Amino acid sequence: ALLREAHETSDQKGKVEAYLKAIDAAIAGDPGAAEDAVVEDCTEVIKQVLSPDVSQWVSRDALQHFSAALPKLPGPARQRVAERTLDLVQPRAVNFEEQVALVREQLSALLEAQGEWLRAAQTLAGINLDSNNARVFDDRYKLEKALKISDLYLACDQSPK
């Protein structure tokens, strides 16, 4: 119902607000809902947000909110939702660099906590640190991420490729 409301809203501000409500509802899940149901609900919301029918401005705001709300999910669900989100956003990742970076950072931290250092490093290495988006990726940020990626590769005794 919330996704339909977001889709049917004509003004951009109203559309953003409707998607934010849908995101919050999907992340909160129904009381007693199984993890799979929450993952599917979150995936469906992201599919809608990334739909070609939704303006990039609305999608960016909704993904920003989603990235910030993702930590509310329990670890296993968060990992699955983050992985699906990255798969879904990949064709348009250049349009959502900041949001993709936030999701990648969270997924990398989950993988690192599980001792999956190689996957954690590869996930972080997927952030486009060569981006010209200085607002998001200043030199300090780029250095911190490069060092973290190197540390993760060293932890699994792999060299960056």
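Everything here concerns the structure above.
Starting from 1, residues in each chain are numbered consecutively following that chain's sequence as written. Note on the predicted model: pLDDT of at least 70 is required for a residue's local features to be given, and 80 or more for side-chain atom pairs to be given and counted; whole-chain, interface and lining totals, by contrast, use all residues. As a rule here, side-chain values cover all heavy atoms of the structure and leave hydrogens and water aside.

S.K.: Give a description of the nonpolar core that names residues and reports values.
M.R.: Note on soluble globular proteins: their nonpolar side chains tend to be buried together. The biggest cluster of nonpolar side chains holds 46 residues, and the ones touching the most others in it are Y19, C42, F66 and L73. Numbered from the N terminus, helices here are DSSP runs of H or I no shorter than four residues, and strands are runs of E no shorter than two. Those elements that provide at least two residues to this core are helix 1 (2–8), helix 2 (12–28), helix 3 (35–49), helix 4 (56–69), helix 5 (75–89), helix 6 (97–113), helix 7 (117–125) and helix 8 (139–155). A total of seven residues in this core trace back to one element, the largest contributor, which is helix 2. Between two residues, a contact is recorded if the distance between any of their heavy atoms is within 4.5 Å. Among residues more than four places away in sequence, those in contact with Y19 are L3, A6, H7, Q48, V49, V54, V58 and A62. Put simply, a nonpolar core is a bunch of buried Ala, Val, Leu, Ile, Met, Phe, Trp, Tyr and Cys residues held in one set by side-chain atoms that sit within 4.5 Å of each other. Only protein chains enter the accessibility calculation, which uses a 1.4 Å probe; a residue is then buried when its area is under 20% of its type maximum, exposed when over 50%, and partly exposed in between.

S.K.: Break down the environment of L88 for me, with residues and values.
M.R.: Mapping L88 onto the fold places it in helix 5. A relative accessible area of 32% places L88 in the partly exposed class. For the pair L88 and I46, spaced 42 residues apart in sequence, the C-alpha separation works out to 7.7 Å. Leave out the neighbours within four places in its chain, and L88 touches T43, I46, K47 and L50.

Don't take any of this as a statement about function, it's just geometry.
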